[in-house]
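Residues per chain, in single letters:
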Amino acid sequence: MGTRTLLVSLLACAAVSVSAWEDHAPITYAALAGQPCAARMVRAETLDAFLAAERSALPAALAGIEAKAKKELDYYPPLPPALAFTGEAPEIALRAAFLAAIRVNPSMPFPLFVQLPPGAPRAGRPPLAIDQADLMGFRIPDPPFVALSPGEKLSALGVVATASDEPDYGMDVGLYADNGGAVGALYGFGKQPFGNPSLSYGSQAPIHMAFPHEDPLIKLAAPFTQRSLSAYRILQYSTLARFAFASGHPYWGWRFAGWALHYVQDLAQPYHASMLPGLSTFQIIWLNLTGGAAAKSAALVLVSNRHTVIEDYLYRAMAAPPGDPGRDRLVAALGMGPRAPRVEPWRDDYAYDIIAWKSYRRAPAFDRLVAATFPAAYVSDPSYDYAAAGEVHDPYDELQARAPVKAAVFDEECASIFADLGSWTRCFVAFASDPKAAELPRREPFDPRALGYLAAVAALAVVIVALARKKGLRR
Ligand SMILES: [Zn+2]
């Protein structure tokens, strides 16, 4: 049996729910409240103005990203040379050339806008219809967006918080060769490695999730599970942010920093860093080898339902008005309070080596907690599709009303995840917003599992040799 077919049927279909936090903006607002960016004002600048001003310096910055990605990222699909940004296109074509060079959905409008914190007054500013910025029609707790004019002043916090939600608005949809879109054949990303290539939103799964810490046996049998582009996006947008700050475009510095932050925050969600947290490695392999289609699909439905329930729960908690105890607790956990976890400074591959590593390790217990907390119909019944169209739930209100004790335990665990999320957000933003901040080299976590497997294989070989010798002596 080929390695691809060994695990392909189960793992290739995993990762079907693909937003980590349904709205990143309220999370970013809470994590960065009181930070320097909350006091800093910037002037909105259109993407076209930024590109026109930097057309001669951008090619070298983008070439630097490409060189670093080729050198340092595993499984990196290089940029097709024809897409490299030269800055030579006429002004009207600069934007298309730039979007192709960074390989995002060319239909994105990227208007000047801000998503205010839930409940904040619009202060007479004009609304912007959601679909003018968000091609996926996502839920925003306080619609509509607010439109900005070029040159209008706003806080840097508003820019970075708004931008931290933007990558879920369609930027990464339809980019793979088998997604049926116009750019799939041009971008060089190849076939979508996991998730469902025929669901439009599902096509962003390998860009917003990463599984660098799956068991070495799974990596060996199913190497396609490692082909995530999350690290590529973080490298691209954090480099562009530092470039924009250094070249005098603070609005784009904060906006690019927000884009990168999105992928950083996604990996703090346990279901974004662990493919099937409810199953052990041996259960996954056993299910692949012996399980029928129904058993495999049941495992996928369960993980997808649990993933979606907690997104829905936390979205509703964060969209609740100030004064709601669950919402206030999460906001406090995200902020820079005395109990905020201390984290080390940003360095290369931080999102995989530190954030995804912690999320992967916390995923099995979190998965058990989700299963024990919510109604069995939502999280333990494989015949039920939680996200099915037409079904509307409010797992937050339901749980707070029906089982306040369970809700308190669950909120405590979510607060601990949010405390890390807040610290990592501040850590990343401190790096991305300071072009002089040192780019520290990678420090990979030690994973004893591969050594353990090698030791087990060696021990088995010793036993086999000893038995063979004994047999030989007897003859
Ligand atoms: Zn995302």
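The structure we're discussing is the one just above.
Caption draft 1: Spotlight on the packing of helix H2 (residues 24-32) against helix H20 (residues 404-432). Where H2 contacts H20, the axes come no closer than 9 Å and their chain directions differ by 75 degrees. In terms of orientation, H2 and H20 fall into the roughly perpendicular class. Where H2 approaches H20, its residues Ile 27, Ala 31 and Leu 32 are matched on the opposing element by Phe 418, Leu 421, Gly 422, Thr 425, Arg 426 and Val 429. Grouping the amino acids of the contact of H2 with H20 by side-chain chemistry returns 6 nonpolar, 2 polar and 1 charged.

Caption draft 2: A look at the coordination of the zinc ion. Distances from the zinc ion to its protein donors, Asp 168 (OD), His 208 (ND1), His 262 (NE2) and Asp 266 (OD), fall at 2.2 to 2.7 Å. Coordination at the zinc ion is irregular, judged from the 4 donor atoms that bind it and the angles of 84 to 175 degrees they form at the metal. Between consecutive donors of the zinc ion, the numbers of intervening residues give the motif D-x39-H-x53-H-x3-D. Here the residue His 208 occupies a position in helix H9 (residues 205-208), and Asp 266 occupies one in helix H12 (residues 250-266), the gap between them amounting to 58 residues. Across the pair, exposure class does not vary: His 208 and Asp 266 are buried alike.

Caption draft 3: Here's a closer look at the side chain of Arg 426. Mapping Arg 426 onto the fold places it in helix H20. Asp 420 provides the closest opposite charge to the buried, unpaired Arg 426, separated from it by 8.7 Å. Look past the residues within four positions of Arg 426 in its chain and what remains in contact with it is Ala 31, Leu 32, Gln 35, Leu 334, Gly 335, Met 336 and Ala 340.

Caption draft 4: The arrangement of the pattern of salt bridges in detail. One pass over the structure, following the stated rule, counts 20 salt bridges. Among the salt bridges present, the one from Asp 172 reaches Arg 233, with a minimum N-O distance of 2.9 Å. Residue Asp 172 is located in the loop between helix H7 (156-163) and helix H8 (184-187), and its partner Arg 233 is located in helix H11 (residues 230-246); the two are separated by 61 residues in the primary sequence. Look at Asp 172 and you get buried, because its relative accessible area is 0%. Salt bridges linked by common partners bring Asp 349, Asp 353, Arg 442 and Glu 444 together as one network.

Caption draft 5: Seen up close, H11. Relative to the 24 Å expected for 17 residues at 1.5 Å per residue, H11 spans 24 Å between its end C-alpha atoms, a close match to the ideal helical length. H11 sits mainly inside the fold: 15 of its 17 residues count as buried. Just downstream of H11 lies Gly 248, where phi reads positive at about 85 degrees.

Caption draft 6: A look at the sheet that holds strand S2 (residues 113-114). Taken together, 3 strands build an open sheet; the order of strands is S2-S4-S3 and the sheet is antiparallel. Since the sheet does not close on itself, it has two edges, and those belong to S2 and strand S3 (127-128), each with one partner. Examined bridge by bridge, S2 and strand S4 (residues 145-147) share 2 bridges and lie antiparallel to one another. When the bridges of S4 are listed, Phe 113 appears paired with Ala 147.

Caption draft 7: Looking closely at the packing of aromatic side chains. Tallying each qualifying case throughout the model produces 31 aromatic pairs. Where Tyr 76 meets Tyr 232, the ring centres are 5.1 Å apart and the plane angle is 55 degrees; that geometry is what we call tilted. With Tyr 76 in the loop between helix H5 (58-72) and helix H6 (91-101) and Tyr 232 in helix H11, this residue pair connects regions lying 156 residues apart in the sequence. Note on Tyr 76: relative accessible area 11%, which makes it buried. Arranged with centres 4.9 Å apart and planes meeting at 70 degrees, the rings of Trp 346 and Phe 428 form a pair that is edge-to-face. With Trp 346 in the loop between helix H16 (325-334) and helix H17 (350-373) and Phe 428 in helix H20, this pair connects stretches of sequence that are 82 residues apart. Phe 428 shares its class with Trp 346; the two are buried. Members of the aromatic cluster, connected to one another through ring pairs, are Phe 50, Phe 85, Phe 98, Phe 110, Tyr 237, Phe 243, Tyr 251, Trp 252, Phe 256, Trp 259 and Tyr 263.

Caption draft 8: Focus on unusual backbone geometry. A positive phi angle, close to 60 degrees, is found at Tyr 75, a residue other than glycine. Relative to the helices and strands, Tyr 75 resides in the loop between H5 and H6. Positive phi outside glycine occurs at Ala 123, with the angle close to 55 degrees. Position of Ala 123 relative to the elements: it lies in the loop between S2 and S3.

About the cut-offs
- Residues numbered from 1 in each chain as written.
- Predicted model: local features only at pLDDT ≥ 70, side-chain atom pairs only at ≥ 80, totals over all residues.
- Heavy atoms only, no water.
- Axes fitted to C-alpha atoms, helices over the stretch in contact; angles between N-to-C directions.
- Helix = DSSP H or I, 4+ residues; strand = E, 2+ residues; numbered from the N terminus.
- Parallel < 35°, antiparallel > 145°, perpendicular 65-115°, else oblique.
- Contact = heavy atoms within 4.5 Å.
- Nonpolar A, V, L, I, M, F, W, Y, C, P; charged D, E, K, R; others polar.
- Donors = N, O, S within 2.8 Å, 3.2 Å for Na, K, Ca; no water.
- Tetrahedral: all angles 85-135°; square planar, octahedral: opposite > 155°, others 65-115°.
- Buried < 20%, exposed > 50% of the residue type's maximum accessible area, 1.4 Å probe, protein only.
- Lys, Arg positive; Asp, Glu negative; His and termini not counted.
- Salt bridge = Lys/Arg side-chain N within 4 Å of Asp/Glu carboxyl O.
- Expected span 1.5 Å × (residues − 1).
- Pairing = 2+ DSSP bridges.
- Phe/Tyr/Trp six-rings, centres within 6.5 Å; stacked < 30°, edge-to-face > 60°.

Such coordinate-based values are descriptive only and should not be taken to indicate function.
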